[in-house]
Each structure stands twice: as structure tokens, then as C-alpha cells.
Amino acid sequence: MNSILRTSVRSIRSLVTLPKITKTIQNRSIYHMVVSRNNFASNTAITLTNPSINCKCGCGGMSKMHTKGERELVEFLAEEIIAEQKAQKKKTLPTEIDGFKVKLDGADVELVKDLGKETITISFNVNHTVDAEEEPEIAPEKDNVEFGEMKSKPTFEIDIKKANGKTLSISCSFLQGEAQEGEYNDVFGIDELTIFDGEWTEKTYAVAGDVLDGYLYDLLMNFLEEKGISNEFAEKIIEFSTAYEHHQYISLLEGLSKFAIDTK
């Protein structure tokens, strides 16, 4: 597709706000209660450690050390953690993606590739990035609600740093909805562009992606593709982010359970 057509399409896209699914905690809650439990929990036998008549949370019968709310919370979490673990698509995470080494720190993720004369760093945070791919289908004649797959689509920062200390920084986000007929089917788009020497400061000028010249925008997308940041690579970011966010969610549930059990 020629650049003129791509330019006109982007101009139209910038004037139209695409529908976006509201991201709420309720999304995950409803999704996992329906999908995870329907698929796994009903067939899962949960064995608790040292159960007793007074307390089923595995505390060894020291019911005086737990409130009713704590016991109920721990009992629910024991079931929920097993269901979430069974729902995991990836038990282990890759340490490298297409030549980018993976660095993890809590919710922060960095993908780093050293090319000698320049270093490319892609960074993002998985917090509040999960949503269903499609709106749930609710059929009155069915008991189950059909949900789209839950995926993590974080905004991400691309920093291309030269050996001389100059950095080209491009902020990107995943596009919502499907491309219309005649549109260029980009998976992600450029939100902001800036360049600086040394460290970035609030004084550094930045330009929004939707006001860039259309041909310049296309050239930048081609430039990123040459650096290995293509539509296919962007899909791999979604896949990794989704898996890692799920790992983090399970860790949070486990931490919450330990917190509820801890009497110190």
C-alpha cells in the first residue's frame, strides 16, 4: 500500500475515537470466576494442610488466631490459586525474545538488545493492562457467559541509545479494534516522539504521533521494523506481557493468602 493512502487513513483514524473496553477489576473477576472455575475448579479436589473442625484454612486448628473473615478469605484463595495455576498457558517465561534479553523487576519489564553502536531498550509496566479481547456474549438460554480471551496490552517505550549518548525515544501503544477496509493493519502506533542527549528531563520537547507528517510517520514505522520492532514482534510483547502479568497476579494471590494466615 502506498504511503499516500496510509497517510490519509491515519488522518481519518486520528479524528475518530475507536471504542475501547473499560478496564476494571471486575473484568478479571467475572472472567476468572466463569472461565477458570467452569474449566477447572469443579473438577479440582483441594487438599488443605492440617485441617480441623474449627478451621479449614490449614492453620492446624488454632482457630482463635483467625477471624471468620480471614478464614473465609484463605479458603477462597486456596481454591482460586489452584484454578489460576491450571489456567496458565505458560508455566515458565522466556529469558530472551528475538534477541532482546528480558529483565524483570516487579511489574516492570525491560527488553534489551545491544547492537554495539547502539542499544535498544523496550520498557513497559504490566499493571492495569489486562482486558478481554471482545465484549462478553450473554445468551439468555445459556447458563455460561462467553468471554473473549484476556490479554495484556501495555503501552511501551522504545529507547534507541547511540554510543555518543543521544537517545531517540518513541512511546507506543497497541491499537484498539480491527483495521477497516483499506486501512494499513498496524498492531501498534506511535503516541509520542522525542530525542535527547544524556538524560531525559521535563524540558525535553516531544511531539504527539497523531500530528506527525503522515509520510514521516510511515518512515518511522519502517525504521522500527528494521530494528526488529515489527507487528510480529509486537504480538510477542502481548503474549509475554499476558503471561507475566498472570504470573504476577498469582503471586499476589499467594501473598494475600500468607498475609491473612500470618498472625504476627
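Residues numbered from 1 in each chain as written. Predicted model: local features only at pLDDT ≥ 70, side-chain atom pairs only at ≥ 80, totals over all residues. Heavy atoms only, no water.

Looking at this structure, I do not really get the packing of helix 3 (residues 68-87) against helix 5 (residues 231-261). What am I missing?
Axes are the key here: two packed helices are described by the angle between their axes and the distance separating the axes. Helix 5 packs onto helix 3 with a crossing angle of 160 degrees between their chain directions and a minimal axis gap of 9 Å. In terms of axis orientation, helix 3 runs roughly antiparallel to helix 5. Helix 3 and helix 5 meet at a crossing whose hand is left-handed. Facing helix 3, whose interface residues are Glu-70, Leu-73, Val-74, Leu-77, Glu-80, Ile-81, Glu-84, Gln-85 and Ala-87, helix 5 presents His-246, Tyr-249, Ile-250, Leu-253, Glu-254, Leu-256, Ser-257, Ala-260 and Ile-261. Considered class by class, the residues forming the contact of helix 3 with helix 5 number eleven nonpolar, three polar and four charged. (Axes fitted to C-alpha atoms, helices over the stretch in contact; angles between N-to-C directions. Helix = DSSP H or I, 4+ residues; strand = E, 2+ residues; numbered from the N terminus. Parallel < 35°, antiparallel > 145°, perpendicular 65-115°, else oblique. Left-handed = near helix turned anticlockwise from the far one by under 90°. Contact = heavy atoms within 4.5 Å. Nonpolar A, V, L, I, M, F, W, Y, C, P; charged D, E, K, R; others polar.)

Please clarify how the sheet that holds strand 3 (residues 108-114) should be interpreted in this entry.
Strand pairing in a sheet takes place through backbone hydrogen bonds and is either antiparallel or parallel in direction. Read from one edge to the other, the open sheet built from eight strands follows the order 1-2-3-4-7-8-9-10, with strand pairing classed as antiparallel. Two strands bound the open sheet, and with one partner strand each, they are strand 1 (96-97) and strand 10 (206-208). Sheet analysis places strand 1 next to strand 2 (residues 100-105), joined by two bridges and oriented antiparallel. For Ile-97, the partnering residue across the bridge sits in strand 2 and is Phe-100. Where helix 4 (residues 214-226) meets the sheet, it contacts strand 7 (156-162), strand 8 (166-174) and strand 9 (188-197), and its direction lies at approximately 85 degrees from that of strand 9. (Pairing = 2+ DSSP bridges.)

Would you mind going over the packing of aromatic side chains with me for this structure?
Aromatic ring pairs are described here by two measures, namely the spacing of the ring centres and the angle between the planes. Under the defined criterion, the tally for this structure stands at four aromatic pairs. Between the aromatic rings of Phe-240 and Tyr-244, the centroid separation amounts to 6.2 Å while the plane-to-plane angle is 15 degrees, which identifies the pairing as stacked. With Phe-240 and Tyr-244 both in helix 5, this residue pair falls four residues apart, about one helical turn. Exposure remark for Tyr-244: the relative accessible area of 6% places this residue in the buried category. (Phe/Tyr/Trp six-rings, centres within 6.5 Å; stacked < 30°, edge-to-face > 60°. Buried < 20%, exposed > 50% of the residue type's maximum accessible area, 1.4 Å probe, protein only.)

Hey, could you run me through the pattern of salt bridges in this one?
Side chains that differ in sign of charge can pair as their charged atoms come close. Applying the stated criterion across every chain yields a total of six salt bridges. What emerges from the salt-bridge pattern is a single network uniting Glu-118, Lys-162 and Lys-227. (Salt bridge = Lys/Arg side-chain N within 4 Å of Asp/Glu carboxyl O.)

Before we go on, may I ask you to explain the environment of Asn-127 in this structure?
Inspection of the secondary structure puts Asn-127 in the loop between strand 4 (118-125) and strand 5 (130-132). The class for Asn-127 is partly exposed, based on a relative accessible area of 45%.

Could you clarify how one ought to interpret the environment of Gly-165 in this entry?
Among the structural elements, Gly-165 can be located in the loop between strand 7 and strand 8. For Gly-165, a relative accessible area of 14% translates into the label buried. When the C-alpha atoms of Gly-165 and Glu-199 are compared, they prove to be 8.6 Å apart, with 34 residues separating the residues in sequence.

Whenever I open this one, the nonpolar core confuses me. Can you help?
It is characteristic of soluble globular proteins that their nonpolar side chains tend to be buried jointly. Membership of the largest hydrophobic core comes to 34 residues, with the highest contact counts inside it found for Leu-111, Ile-122, Ile-158, Phe-188 and Ile-229. Of all elements in the fold, only strand 2, strand 3, strand 4, strand 7, strand 8, strand 9, helix 4 and helix 5 reach the threshold of two or more residues within this core. The element that contributes the greatest number of residues to this core is helix 5, accounting for six residues. Discounting chain neighbours no more than four positions away, the residues touching Ile-122 are Phe-100, Val-109, Glu-110, Leu-111, Phe-156, Glu-157, Ile-158, Ile-229, Phe-233 and Ile-237. (Core = buried A, V, L, I, M, F, W, Y, C linked by side-chain atoms within 4.5 Å.)

What's the story with the pairing of strand 8 in this structure? I'm lost.
The two faces of the sheet receive side chains in turn, since in a regular strand these alternate between them. Counting buried positions along strand 8 gives eight out of nine residues, so the element sits mostly inside the fold. Relative to strand 8, strand 7 runs antiparallel, the two being bridged by six bridges. Counterpart to Ile-160 in the pairing with strand 8 is Leu-168. Linkage of strand 7 to strand 8, two consecutive antiparallel strands, is achieved through a turn of three residues, within which Gly-165 is found at a positive phi near 95 degrees.

Where do I start with unusual backbone geometry in this structure?
Peptide bonds are mostly trans, and most non-glycine residues show a negative phi. Of note in the backbone geometry, Asp-98 takes a positive phi value of approximately 50 degrees without being a glycine. Note that Asp-98 resides in the loop between strand 1 and strand 2. Of note in the backbone geometry, His-128 takes a positive phi value of approximately 55 degrees without being a glycine. Relative to the helices and strands, His-128 resides in the loop between strand 4 and strand 5.

Would you mind showing me how to read the confidence of the model for the protein here?
Note that predicted coordinates carrying low pLDDT should not be read in detail. For the protein, mean pLDDT is 78; residues scoring 70 or higher make up 65% of the total. Considering only residues more than four positions removed or in separate chains, one finds that residues 1-26, a stretch of pLDDT under 50, has 43 contacts. Segment residues 32-54: pLDDT under 50, and 35 contacts once partners within four positions in sequence are set aside and those in other chains are kept. (pLDDT = per-residue confidence, 0-100.)

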